[in-house]
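Chain by chain, the residues:
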Amino acid sequence: MSFKADRHVHILIVGGGAIGTSLAYHLARDGAKDVLLVEKAQLTHGCTWHAAGLVGQLRSKKNLTRLMQNSVAVFDRLESETGQAISWKKVGSLRLASSPDRWSEIRRAMGQAKSFGVECQSLSAAEAKTHFPYIATEGVEGAAYIPGDGYIDPYSLTMAYARGARLHGARIEEGVCVEEIITEGRRSVGVVTNGGAIGCDILVNCAGLWAKRVGAMAGVALAAGIVEHQYFLTEKKLSFDAGLTTLRDPDKNFYLKPDTGSFAIGGWEEGSKGFHRGLPPLSFGRELFAPNMDRLELFALPAAERLPVLNEIGIQTVINGPIPVTADGEPIMGLAPGFDNFYLACGFTAGVAASGGAGLAMANTILHGDAGMDLWPFDVRRFSGLHAQGRYLEDRAIEAYASYYKIHWPGEEPHAGRGLRRSAVHEHLKRAGAAFGSRAGWERANWFAPQGVEARDVPSFEGKPNWFDHVGAEHRAIRERVAIIDQTSFAKFEISGQGAEKALQTIAANDLSGPAGKAVYTQLCNNEGGIEADVTLVHVGPDHFYLITGSGFGLRDSGWVAKHLPEAVSIREVTNGFTVLNLVGPKARAILQSVTDDDMSNTALPFLTARRIGLGHASVLAVRIGYVGELGYELYIPQEYGAHVYETLWTAGEAQAIANAGYRAIDSCRLEKGYLYWSGDISPDYNPYEAGLGFAVALDKGDFIGRAALARIKAKGVARKLCSFTVEGFAPLHGGETILYQGKVVGHTSSTGFGHTLGKTIAFGYLPVELSGETDFQIEAFGRSHPARRGARCLYDPKMERLRA
């Protein structure tokens, strides 16, 4: 049935909250024509109207800091540009650290924020009290003061966006409810509303509380949940200067906004309630819930400890309203999976504060194909369908909500929604002392606790975490003996059909030609030469391949491939079909040979080849490749044989002191080897030549996506290069630290960790090419400068002798 629209627009935005109106404003301001925003009720009537309106740029994650920084820049000009008052009170913010660990976290965040140009001041408890005289300073380790923060009126802000959008030619219609989205192939062609059908070239879901429901209209499952959030207004009995700063004490779990003669105080308490599994009815409107005083006490009482004046005044009003919270607490942005014209900007827990930066980034994405910043931490494709399942999402959203003010440790793992996906060897690993993490719903061993040691993470910002020595032992087993690593969680896709090899040759930067039976490491680049994916392709038969990528990148990478495949070639996920065990280390060949009748010699199965072999009583695909830099075999095993193969290898390896190893040992080994991590070291913002991956670019094989750009880049030369740095001994680096040369900032670290073979801390980071030959640098962490030496990109076995042995 063909879709007949009553009218047609170029860009259609669904949702009239702070995010939707900001996007309409930024699109129109940037020259977009024929922009229409539709709102089912009235502007702000979802959750914008009851938001507290705090604006804070200092976040524990650098990308969110960037987004908030861009918002402040918008707020600074919006009132004068539109003529609409927004009540932007740039009074600064004070963030207290009421524990040593919190002080470490805040100092780390300040270091990252300063690198983006956010002004931050480190204060003592006494200095903090001069900014906010009501605080009791007992237990305060220090504080961060950010002069550029403040608070804003959410309603006035939204109306200013709307006015600005209209001034630049956009239209806004209230009372128009989207009831159906019409799709044709990879496109949304329009919507059906209560007022008729509207065709569009581009559709954007900014539906806030209803974003999950709107996504479902197009068959897009979104991990956008909803929970209850409370704050209260005190009685108006206070007298303070109009310039009083805002206050946050995350250890006491509260935030504070000055109001007229009173304080607005909220928190992020445990035990909040979900709402309709993220699918409220379209009839739900400008509504609140009854206060929950038991939950309110969880932040009100700690707030009174920090602010004794609260014991002298009462509560005037309690606001308990619904707010969006995703499965990981971060917003959802970008192009919907499977579509070329359906965009998402939803799931914002701090939507008012983020609105300026989010509208700008999405407008840049839609109009120019480049957000102007790295949006991967917010990309919808970081989630898979399982994250959108109702009960799972609600549990994760409630946990993410309660974690908002908790300390965000390096390498922290979620606790809700665990145990969902388990490999065939999960119970074996559990009995062996595995401390499990979670990726894409999979339980995977991060490290192994020896007998008598609790398999529980005790992280640290400035010291060694409790797993440090145990990971070192696993690292040495990989380097010196042999280890088994369960890599089942890696995402796996089967690509087949007539013309599969030819199609993949036009997608991959490396050369896939030649007979089957080999593995090819390659990047998938965009037309500008940026790295969209970093994958391994295993050629298992004529026009038959497996694509292997990271656990959290499956949806993104398979989507990139799928949209470039011809109709005759199919791609399907086979992650659940295989147990994958990596048998790795200098003794791996001898052990594998002892349990197979096939020839495992280097001549029969050299590096980067793949063969089907018998192993014990099973048949498996053995691929001679790895991510740790040692002789190794990735074994792709039908799930039903996974436990058998593990037991067979373990029994055969006991005489060689075989060990289990986890993902933290992988990370330590790959840093020594100079292996990169997509989203950390490489992304669409970087090309293979900058990253030292030119060896994987086959310019002479014929045309492929990005070839012309890469040829130009190679001919011209790069302006920056990814370099490897070492710091003697242990240094508390976690990524994002400033790199200095002769006292000047020249870059930032990407991946960091400890190399247990080298006995040094390792960091990667991009440098201007003119400095990439220098050796002596400094890396700043927690207020201390660490001498860092730039070395070879590959710090371990640079001639690949161990890999090829």
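Residues numbered from 1 in each chain as written. Predicted model: local features only at pLDDT ≥ 70, side-chain atom pairs only at ≥ 80, totals over all residues. Heavy atoms only, no water.

Participant: Report on the sheet that holds strand β16 (residues 315-326), specifying residues and quantitative values.
Facilitator: In space, the eight strands of this open sheet follow the order β5-β6-β4-β13-β14-β15-β12-β16, with mixed pairing throughout. At either margin of the open sheet sits one strand with a lone partner, and together these are β5 (121-123) and β16. Geometrically, the sheet is characterised by an average inter-axis angle of 20° between neighbouring strands, direction not taken into account. In this fold helix α7 (residues 293-306) packs onto β4 (93-97), β12 (224-234), β13 (246-249), β14 (254-259), β15 (262-267) and β16, with an angle of close to 50° to the strand it touches most, β12. (Pairing = 2+ DSSP bridges. Helix = DSSP H or I, 4+ residues; strand = E, 2+ residues; numbered from the N terminus. Axes fitted to C-alpha atoms, helices over the stretch in contact; angles between N-to-C directions. Contact = heavy atoms within 4.5 Å.)

Participant: Go over the environment of Gly369, please, and point to the residues and values.
Facilitator: Along the chain, the position of Gly369 falls in the loop between α8 (351-368) and α9 (390-402). Judged by its relative accessible area of 63%, Gly369 falls in the exposed class. Through-space distance from the C-alpha of Gly369 to that of Lys61 is 24 Å; in sequence the pair is 308 residues apart. (Buried < 20%, exposed > 50% of the residue type's maximum accessible area, 1.4 Å probe, protein only.)

Participant: Outline the pattern of salt bridges, supporting the account with residue identities and numerical values.
Facilitator: Applying the stated criterion across every chain, the model contains 35 salt bridges. The closest approach of N and O atoms between Arg418 and Glu443, which form a salt bridge, is 2.7 Å. Of this pair, Arg418 sits in the loop between α9 and α10 (426-431) while Glu443 sits in strand β20 (residues 442-448), and the two are 25 residues apart along the sequence. The exposure class of Arg418 is partly exposed, given its relative accessible area of 27%. With relative accessibility at 8%, the residue Glu443 sits in the buried group. Ionic contacts of the salt-bridge type, sharing partners, join the residues Arg479, Glu630, Glu672 and Arg802 into one network. (Salt bridge = Lys/Arg side-chain N within 4 Å of Asp/Glu carboxyl O.)

Participant: Describe the side chain of Arg479, and please don't skip the residues or the numbers.
Facilitator: Within the element layout of this structure, Arg479 appears in helix α11 (residues 468-480). Owing to a relative accessible area of 4%, Arg479 belongs among the buried residues under this scheme. Excluding residues that lie within four positions of it along the chain, Arg479 makes contacts with Pro586, Val628, Gly629, Glu630, Cys669, Glu672, Thr757, Tyr796 and Arg802.

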